[in-house]
Amino acid sequence: LAIPAFQDFYQKLLMDTFMRPLGRLFYPDYIQRADDSQTFGFTIAWQAGTNTDKNIHQHSDASALTLNINVNDPQEDFEGSSLYFVDQQTGKKHVVHFKPGEAIMHRGSVPHASLPITKGERRNMVLWLYGEQGQYSHFPYPSRMSAQERWKKPAEDEALPPKDNWSPF
């Protein structure tokens, strides 16, 4: 969306104030400046009883960090469409029931899937952080960012590269 007010909300509030610092906080060994300088967002809808998307097979994202927000209203009823995440060490699948208004944040490299929706519709806004030209670390960093570095907004950070207009699609 090219609406200036939405761009401010998306970049300054969602990405710079919440997603980037929380990603660095929750995943300090994997997400640092080189991994979260670029953003990408999209929406997706799962619809039961149609020939449209009902699920997505197991995959990993082209991101260092993914924030998946269920944007349904609480009164919008749907069934099925749970998510599962795969523990990369054991292979065990952990099922998560994704309710309206909830958000799930995870490293993009974690394998996951959406199970089939069986009733209604589920709509999500998905936000990604990744480094320049789609790069991000798959391996732990030897040292962590300080709290001051982690919570510094990009506008305050001279070293943050400009948007590179690269997209994984």
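See above for the structure.
Residues numbered from 1 in each chain as written. Predicted model: local features only at pLDDT ≥ 70, side-chain atom pairs only at ≥ 80, totals over all residues. Heavy atoms only, no water.

Let us now look at the sheet that holds strand S3 (residues 65-70). Taken in spatial order, the four strands of this open sheet run S1-S10-S3-S7, and their pairing is antiparallel. The sheet terminates laterally at strand S1 (38-47) and strand S7 (103-107), the two strands that pair on one side only. The sheet shows a mean angle of 20° between the axes of neighbouring strands, direction not considered. Relative to S7, S3 runs antiparallel, the two sharing five bridges. Across the sheet, residue Leu67 finds its bridge partner in S7, namely Met105. (Pairing = 2+ DSSP bridges. Helix = DSSP H or I, 4+ residues; strand = E, 2+ residues; numbered from the N terminus. Axes fitted to C-alpha atoms, helices over the stretch in contact; angles between N-to-C directions.)

Attention now goes to the pattern of salt bridges. By the definition in use, this model includes 10 salt bridges. Between Asp29 and Arg144 there is a salt bridge whose closest N-O contact spans 2.9 Å. Taken together, the positions of Asp29 in the loop between helix H1 (4-26) and S1 and Arg144 in the loop between strand S10 (121-130) and helix H2 (147-150) put the pair 115 residues apart, joining distant regions of the chain. A salt bridge links Arg33 to Glu149, with the shortest nitrogen-to-oxygen separation between them at 3.8 Å. You can see Arg33 sitting in the loop between H1 and S1 and its partner Glu149 sitting in helix H2, a full 116 residues away along the chain. Judged by its relative accessible area of 26%, Arg33 falls in the partly exposed class. Its relative accessible area of 29% is what places Glu149 among the partly exposed residues. (Salt bridge = Lys/Arg side-chain N within 4 Å of Asp/Glu carboxyl O. Buried < 20%, exposed > 50% of the residue type's maximum accessible area, 1.4 Å probe, protein only.)

Phi at Ser81 is positive, roughly 65°, even though this residue is not glycine. Looking at the element boundaries, Ser81 is found in the loop between strand S4 (79-80) and strand S5 (83-86). On the basis of relative accessibility, which here comes to 1%, the residue Ser81 falls in the buried class.

Next up on the list: the side chain of Asn68. Residue position: Asn68 is located in strand S3. For Asn68, a relative accessible area of 14% corresponds to the buried category.

The next thing to look at is the packing of aromatic side chains. Pairs of aromatic rings are described using the distance from one ring centre to the other and the angle between the two planes. On inspection of all chains with the given rule, the structure shows five aromatic pairs. Aromatic side chains Phe40 and Trp128 sit 5.8 Å apart centroid to centroid with 40° between the ring planes, which places their arrangement in the tilted category. Placement of Phe40 in strand S1 and of Trp128 in strand S10 is noted, with a sequence separation of 88 residues between them. No difference in accessibility class separates Phe40 from Trp128, as the two residues are buried. Taking 5.4 Å as the distance between ring centres and 85° as the angle between the ring planes, the aromatic pair formed by Phe42 and Trp128 counts as edge-to-face. Highlighted residues: Phe42 in strand S1 and Trp128 in strand S10, separated in sequence by 86 residues. Given a relative accessible area of 26%, Phe42 falls into the partly exposed group. In textbook terms, an aromatic cluster arises when at least three aromatic residues are bridged by ring pairs, as seen for Phe6, Phe9 and Tyr10. (Phe/Tyr/Trp six-rings, centres within 6.5 Å; stacked < 30°, edge-to-face > 60°.)

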